[in-house]
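# Remarks on the overall topology
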Amino acid sequence: MNRTALLLLSSLCVLSPRVALAEGDVATRIHDWLSNIGKPKTPPPEDLGARNTFTLNPLALKDERLGVEYEHAFGRGFSLYVAPEFAYGRSKRSWELALGGTLGARIFVLGKAPSGIYFGPEAGVDYLRERREGVLSKGFGLGFGGSVGWTLVFFNRLTIAAGLSAQYRAVPDLESTEEEAIQVKLVPNPRLAIGVAF
C-alpha cells in the first residue's frame, strides 16, 4: 500500500506542472482571442515569386549585339531592365568598337512581374569608335522606342521570353566624309530568350 501511495504521489508531482502549464496556455489563448475580437485580421504576405531574371537572346547576335538582359521587378506590374551591348571587329587595315546599352521599363497588363504580358518604353545609347586606314573616327548615338512581349517563369527558376522592341536611333555615320554626320534609322530587335529567374 505504501508503494502505491508513493507512486501516486510522485506521479501527481510530475504531472501537476504540466497541467498548470496547459491551463495557463488555455488561459492565454482565451485572453488573446477575446482581445482580438473586432480587430481585422492581418493578411498573410503575398508571395510574388522570383523578382529577377537574367536572359540570353541569341537572335540579337545577328546584329552584333550581346543579347544579354537583366530585369528586376518592382511590385506586381512594373519592372526595369538593362541590356548592355558590345561589338568589336578587326581586319588588316581597320578595326571597329561599339559599346552601348538599353534601359527600359515594362508594364505588365497580365500576370505578375517579371512574368506575363507587357509593354513599355526604352532608351538606348551607343558609342562607336573606328580606325580605318589610319584615320580615327568616333561618335555617340541615342535611341528611343518601345517593346511588347510575353515572359513566362517556370518554378521560379526558368525563364522563357518572346517579344519585339524597336528604337529610332540617331547613330554617328563614321563612313561619311562630313564631320559628325548622323544617320537616323529604325532598329528592330526581335526577342526569343531563355534564362534563369531568382
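This text follows the structure it describes.
Backbone torsion omega between alanine 113 and proline 114 reads 5°, so that peptide bond is classified as cis. In this structure, proline 114 sits in the loop between strand 4 (94-112) and strand 5 (115-132). For phenylalanine 155, which is not a glycine, the phi torsion comes out positive at approximately 55°. Turning to its location among the elements, phenylalanine 155 is positioned in the loop between strand 6 (135-154) and strand 7 (158-172). For asparagine 156, which is not glycine, the phi dihedral falls at a positive 55°.

Moving on, we come to the pairing of strand 4. Where strand 3 (residues 78-90) meets strand 4, 13 bridges bridge the pair, whose relative direction is antiparallel. Bridging across to strand 4, alanine 87 finds its partner in alanine 98. Joining the antiparallel neighbours strand 3 and strand 4 is a turn of three residues. By the bridge criterion, 16 bridges tie strand 4 to strand 5 in an arrangement that is antiparallel. The residue bridging leucine 99 from the neighbouring strand is tyrosine 127, located in strand 5. Counted along the chain from strand 4 to the antiparallel partner strand 5, the turn is two residues long.

We now examine the packing of aromatic side chains. This structure, assessed with the given rule, holds four aromatic pairs. Their ring planes at 55° and their centres at 5.7 Å tell us that phenylalanine 108 and tyrosine 118 sit as a pair that is tilted. Here the residue phenylalanine 108 occupies a position in strand 4, and tyrosine 118 occupies one in strand 5, the gap between them amounting to 10 residues. Exposure remark for phenylalanine 108: the relative accessible area of 8% places this residue in the buried category. Overall, the relative accessible area of 3% leaves tyrosine 118 in the buried class. A cation over an aromatic ring shows up here: arginine 106 above the ring of tyrosine 81, its NZ or CZ 3.9 Å from the ring centre. Note that arginine 106 overlies the ring of tyrosine 118, its terminal NZ or CZ placed 4.6 Å from the centroid.

All chains considered together, the criterion is met by one cavity of 30 Å³ or more. The calculated volume of the largest cavity comes to roughly 310 Å³. If you go around the largest cavity, you meet 26 residues; those closest to its centre are Glu69, Ala83, Glu122, Ser165 and Asn189. Elements that contribute at least two residues to the lining of the largest cavity include exactly strand 2 (68-73), strand 3, strand 4, strand 5, strand 6, strand 7 and strand 8 (182-197). Ranked by residue count, the leading element in the lining of the largest cavity is strand 7, at five residues. Along the lines of polarity and charge, the residues of the lining of the largest cavity split into 11 nonpolar, eight polar and seven charged.

Parameters and conventions
Residues numbered from 1 in each chain as written. Predicted model: local features only at pLDDT ≥ 70, side-chain atom pairs only at ≥ 80, totals over all residues. Heavy atoms only, no water. Helix = DSSP H or I, 4+ residues; strand = E, 2+ residues; numbered from the N terminus. Pairing = 2+ DSSP bridges. Phe/Tyr/Trp six-rings, centres within 6.5 Å; stacked < 30°, edge-to-face > 60°. Buried < 20%, exposed > 50% of the residue type's maximum accessible area, 1.4 Å probe, protein only. Lys NZ or Arg CZ within 6 Å of the ring centre and 35° of its normal. 1 Å grid on protein atoms, 1.4 Å probe; cavity = no way out; pocket = protein on both sides within 12 Å on 5 of 7 lines; lining within 4 Å. Points joined across faces, edges and corners; volume = space filled by probe spheres on them. Nonpolar A, V, L, I, M, F, W, Y, C, P; charged D, E, K, R; others polar.

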